[in-house]
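Each chain, written out:
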Amino acid sequence: MHFNWTSIVFTIIAFLILYWLLTRYAFGPLFSIMEKRRELVLKQMNEAAQTREQATAYVEEQKQALQQARKEAYDIIEQSKQTGSKQAEQIIVQAKDEAVRLKDEAVREITSERNKAVAELRSEVGRASVQIASKLIQKEIKEDQVQGELVDQYLKEVGGKA
């Protein structure tokens, strides 16, 4: 095998010139574009990470808001139950008080009516007794005027008390 040194030297020189031209005119802009692309990708990755963090924070915030809403709903339900129980107790107490009042009023009315009936009965019995006594006395004492006056006086007194 035989090496041609002149062609190897020309090839190396051509390669070096090509490398220098590529470095000067092609690699600079190419590497610059690749660097910009790398920065853009990094920026997008950072934005995606921030967006993911914001989404996670938002989800946590929504979970907390939902938990708070559930707690408030439960508290409202419990408060409604307690209010309902209190109102039921108040209604029962009012009904009992009303029943006691009506019973007391009925007892007073019955007592009043009974007292009126007893008083009326006493009055009637007193009148009847006086009428019976006066008829009996009138029969027995028609002749004696003095005794008649005493009986009349007695009857007036008894009649005035009744």
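Small disclaimer: the values here were computed from a predicted structure and weren't measured.

K.L.:
Looking at this model, I keep getting lost on the overall build of the protein chain. Mind explaining?
P.N.:
Within the protein chain, the secondary structure is distributed over two helices and zero strands. Counting over 162 residues, the protein chain shows a buried share of 3%. For the protein chain, the computed accessible surface area is about 15000 Å², with 60% contributed by carbon and sulfur atoms.

K.L.:
Quick question: what am I supposed to make of the pattern of salt bridges here?
P.N.:
For side chains bearing opposite charge, pairing can occur when the charged atoms are close. A complete count under the given rule lists seven salt bridges for this structure. Notably, a salt bridge pairs glutamate 105 with arginine 101, separated by 3.1 Å at the nearest N-O pair. Placement of both glutamate 105 and arginine 101 in helix H1 (residues 5-140) is noted, with a separation of four residues, approximately one turn of the helix. A relative accessible area of 38% places arginine 101 in the partly exposed class. Its salt-bridge partner being lysine 116, residue glutamate 113 comes within 3.9 Å of it at the nearest N-O pair. Of this pair, glutamate 113 and lysine 116 both sit in helix H1, three residues apart, roughly one helical turn. The partly exposed category is assigned to glutamate 113, whose relative accessible area is 46%.

K.L.:
What am I meant to see in the packing of aromatic side chains here?
P.N.:
Each aromatic ring pair is characterised by the separation of its centres together with the angle its planes make. In the structure shown here, the tally under the stated rule is two aromatic pairs. Ring centres of phenylalanine 27 and phenylalanine 31 lie 5.7 Å apart, and the angle between their planes is 25 degrees; this geometry places the pair in the stacked category. Of this pair, phenylalanine 27 and phenylalanine 31 both sit in helix H1, four residues apart, which is roughly one turn of that helix. By relative accessible area, phenylalanine 27 is classed as partly exposed at 25%. A connected cluster of aromatic rings, assembled from ring pairs, spans Tyr19, Phe27 and Phe31.

K.L.:
Looking at this model, I keep getting lost on a nonpolar patch on the surface. Mind explaining?
P.N.:
Residues Phe3, Trp5, Ile8, Ile12, Phe15, Leu16 and Tyr19 make up a contiguous nonpolar surface patch of about 800 Å² in total accessible area. As for its placement among the helices and strands, leucine 16 is situated in helix H1.

Conventions and cut-offs
Residues numbered from 1 in each chain as written. Predicted model: local features only at pLDDT ≥ 70, side-chain atom pairs only at ≥ 80, totals over all residues. Heavy atoms only, no water. Helix = DSSP H or I, 4+ residues; strand = E, 2+ residues; numbered from the N terminus. Buried < 20%, exposed > 50% of the residue type's maximum accessible area, 1.4 Å probe, protein only. Areas by Shrake-Rupley, 256 points an atom, 1.4 Å probe, with all protein chains shown as cover. Salt bridge = Lys/Arg side-chain N within 4 Å of Asp/Glu carboxyl O. Phe/Tyr/Trp six-rings, centres within 6.5 Å; stacked < 30°, edge-to-face > 60°. Patch = residues over 30% accessible without salt bridge, like charges linked within 9 Å, V, L, I, M, F, W, Y side chains within 5 Å.

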